[in-house]
Amino acid sequence: MAYPDYMKELIKKVADTRNKRVEDSRQGISFPRLSLEAGEELLKKYHPDYRENAKRALAVGKNRGDRIPNELADILESYGHLDPVLFSPGEPDFSTDVLVIGGGGAGSTAALFAASEGARVLLVTKLRHGDANTMMAEGGIQAADKPADSPSAHFIDTMGGGHFTNSPGLVSALVADAPGIISWLEQLGVMFDKEEDGTMLTLHGGGTSKKRMHSAGDMTGAEIMRTLRDEIRNTKGIDVVEFSPAVELLLDEAGRCAGAVLKNLETGRILTVRSRTVIIATGGMGRLHLQGFPTTNHYGATADGIVLAYRAGAEFVFLDATQFHPTGVVYPEQNIGLLITEKVRGAGAQLLNIRGEQFVYPLEPRDIESSAIIRECSDHCSGIKTPTERYGVWLDSPMIEALKGKGFVEKNFPAKFRQFMRYGIDISKEPMLIYPTLHYQNGGMKITPDGETSVPNLFVAGEAAGGVHGRNRLMGNSLLDICVFGRRAGIAAAQMAGGSVAGSPGLHHLEKYYKELEERGILKGKGPVSPVLLPDYAGKIG
Ligand code: FUM
């Protein structure tokens, strides 16, 4: 849908203030950044994480008592697809050294590095190999690999972005491994954007002190995923089983992880995998639509690995901290929630209210930026109403071409340009209407720098892990995280598999978990069956 006439009228106010904003920008004059105290105040008042009625205390498990989002609590306090009393693992359908659950960037990286250690590796995934948030990641991957930058500066920025709640050991690993990861990806064939002289093009992201964002247009994740998948399937020939999500982990009598139970989505058949070590790389929970927010996430992001590991006794951190990306599409309706990369603001676009005025520095960390947009659309009554009564603010993309010249938007944001053109909106000439969208799960399983969880023989990599980003992640640290911790977990799991002897795998832990649920009055048949595997949109319509 092209913008309706009333929106076109409002867009004139954006154009009216543009020349002055461009002039200021050329002279380095920007909207003032918020002080630490003002930022904290804004978060408490407007960030969705701080809405008290959106959370409740977990009644069972290792993190009992922690207040977490209601939607996540619902699926953790629930029963699964299998009856532990009736289930017998029998002869396994697959036997391997390292089982990787999840076919996105973290799982694929883990599989490649586990195989490079000589381990037998099986990668299983819920949908197709590559159906993952990695594929949807647009803006870039951070690494301090330019002479004027350093891993220490990257460390400080990352800790600051996370409000210094991050685990310093995990952040050290993240930033120290980053330059090596960029070289590895390039060697595998990732086509990063380059300067005329052939050096890497690097850009700013929100909350960064140096330009260290490496990108491939506005499709960086898709380019990385293309390369990893190609390496797994065509070069290394690692075994991949698609359309077969894990529905439970298998643990032996000593509580060590010893495999998983899968459910084939096409046939409904239950399959068992016996393995010496297991790596969970199932990503996040955007498709749980916390508080009814739309999401940038892929269709399968339903927190499956979190459910499985929680039942197995894993400890979690920061499960209450969710990232709302400031710039999700709010119009046209068909694209609601889809990501508009932060790189658009990195290139010079500013956020404006209904009067065409700036109200926030465009590259604050995401939680601050989102809170400012929510405030503008609520208390300040300065948002723009859509035909279906949603609110948003303008992201002035035409400003980019005013600063950088004609053709820049289509060349540098080809995916976004086409996505909007389909609806008759030329984003090099008209701004985009945006509102925060559910983007990332900051918390997850507690890990060591090698991705080990509190359950023996169970590792985790990527969004299902917590602590790396503390309460708020910086842009581009997620594509980095999946590669750094995918590599570390892959190597460590392969090495541990060499010396590991598991007993008889079973579901004893599940019996124990169900007993705890019953003791708390949570009975079978009341809540959802989890992992939910796919979002239940059909059930919610009509
Ligand atoms: O804005 C973005 O391109 C998103 C990147 C990220 O979440 O790291």
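Residues numbered from 1 in each chain as written. Predicted model: local features only at pLDDT ≥ 70, side-chain atom pairs only at ≥ 80, totals over all residues. Heavy atoms only, no water.

Points about the overall build of the chain
Inference 1: Regarding its fold elements, the chain presents 17 helices and 20 strands.
Inference 2: Here the C-alpha radius of gyration of the chain, 23 Å, is about what a compact globule of 542 residues would show, namely 24 Å.
Inference 3: Summarising its shape, the C-alpha atoms of the chain cover approximately 70 × 55 × 45 Å along the three principal directions.
Inference 4: In the chain, which comprises 542 residues, the share counted as buried stands at 59%.
Inference 5: The contacts in the chain between residues at least 6 apart in sequence include a share of 74% that link residues at least 24 apart.
Inference 6: Summed over all atoms, the accessible surface of the chain reaches about 20800 Å², with 52% contributed by carbon and sulfur.
Inference 7: The averaged location of the 66 negative side-chain charges in the chain is 2 Å from the averaged location of its 60 positive side-chain charges. (Helix = DSSP H or I, 4+ residues; strand = E, 2+ residues; numbered from the N terminus. Rg over C-alpha atoms; globule rule 2.2 N^0.38 Å. Buried < 20%, exposed > 50% of the residue type's maximum accessible area, 1.4 Å probe, protein only. Contact = heavy atoms within 4.5 Å. Areas by Shrake-Rupley, 256 points an atom, 1.4 Å probe, with all protein chains shown as cover. Lys, Arg positive; Asp, Glu negative; His and termini not counted. Charge placed at Lys NZ, Arg CZ, Asp CG, Glu CD.)

Considering the sheet that holds strand S5 (residues 141-142)
Inference 1: Pairing is antiparallel across the open sheet formed by three strands, whose spatial order is S5-S7-S6. Each edge of the open sheet is held by one strand with a lone partner, namely S5 and strand S6 (202-203).
Inference 2: Where S6 and strand S7 (residues 213-214) come together, two bridges link them in antiparallel fashion. The residue bridging Leu203 from the neighbouring strand is Met213, located in S7. (Pairing = 2+ DSSP bridges.)

Structural notes on the site of the ligand
Inference 1: Every residue near the ligand is listed here: Glu138, Gly139, His325, Thr341, Glu342, Arg366, His439, Arg473, Met475 and Gly476.
Inference 2: Measuring from an oxygen atom of the ligand, one finds a backbone N or O atom of Glu342 at 2.7 Å.
Inference 3: His439 has a polar side-chain atom sitting 2.7 Å from an oxygen atom of the ligand.
Inference 4: The class makeup of the residues in the shell around the ligand is one nonpolar, five polar and four charged.
Inference 5: Each of two domains, domain 1 (5-49 + 324-437) and domain 2 (94-134 + 216-321 + 442-497), supplies a minimum of three residues to the shell around the ligand. (Near = heavy atom within 4 Å. Polar contact = N/O pair within 3.5 Å; in protein donor to acceptor, adjacent residues only side chain to side chain. Nonpolar A, V, L, I, M, F, W, Y, C, P; charged D, E, K, R; others polar. Domains from an automatic or database assignment.)

Regarding the side chain of Lys55
Inference 1: Inspection of the secondary structure puts Lys55 in strand S1 (residues 55-57).
Inference 2: Despite its burial, Lys55 pairs with no opposite charge, the nearest such side chain being Asp320 at 4.2 Å.
Inference 3: Residues within four places of Lys55 in sequence aside, it is in contact with Asp49, Arg67, Ile68, Pro69, Asn70 and Asp320. (Salt bridge = Lys/Arg side-chain N within 4 Å of Asp/Glu carboxyl O.)

Points about a nonpolar patch on the surface
Inference 1: Together, Leu265, Tyr299 and Leu534 make up a nonpolar patch on the protein surface, roughly 240 Å² of accessible area in all.
Inference 2: Within the secondary structure layout, Leu265 lies in the loop between strand S10 (257-263) and strand S11 (270-280). (Patch = residues over 30% accessible without salt bridge, like charges linked within 9 Å, V, L, I, M, F, W, Y side chains within 5 Å.)

Focus: the packing of aromatic side chains
Inference 1: Inspection of the entire model under this criterion finds eight aromatic pairs.
Inference 2: Both rings, one in Tyr79 and one in Tyr514, keep their centres 4.6 Å apart while their planes meet at 45 degrees; by these two values the pair is tilted. Of this pair, Tyr79 sits in the loop between helix H3 (70-76) and strand S3 (94-101) while Tyr514 sits in helix H16 (residues 508-519), placing them 435 residues apart in sequence. Take Tyr79 and Tyr514: they sit in the same class, and that class is buried.
Inference 3: The ring of Tyr440 has Arg473 lying over it, and the distance from NZ or CZ to the ring centre is 4.0 Å.
Inference 4: The lysine or arginine in question, Arg487, covers the ring of Phe113, its NZ or CZ lying 5.7 Å from the ring centre. (Phe/Tyr/Trp six-rings, centres within 6.5 Å; stacked < 30°, edge-to-face > 60°. Lys NZ or Arg CZ within 6 Å of the ring centre and 35° of its normal.)

Some thoughts on the domain arrangement of the chain
Inference 1: Once the domains are mapped, the chain shows domain 1 (5-49 + 324-437) and domain 2 (94-134 + 216-321 + 442-497).
Inference 2: A separation of 33 Å is found between the C-alpha centroids of domain 1 and domain 2.
Inference 3: With 21 residues of domain 1 at the interface, the matching set in domain 2 holds 13 residues.
Inference 4: One can count zero salt bridges joining domain 1 with domain 2.
Inference 5: Taken together, the links from domain 1 to domain 2 amount to six residue pairs in polar contact (both at pLDDT 80 or more).
Inference 6: Mapped onto the side of domain 1 that touches domain 2, the elements with two or more residues apiece are helix H11 (366-377), helix H14 (414-421) and strand S17 (432-441).

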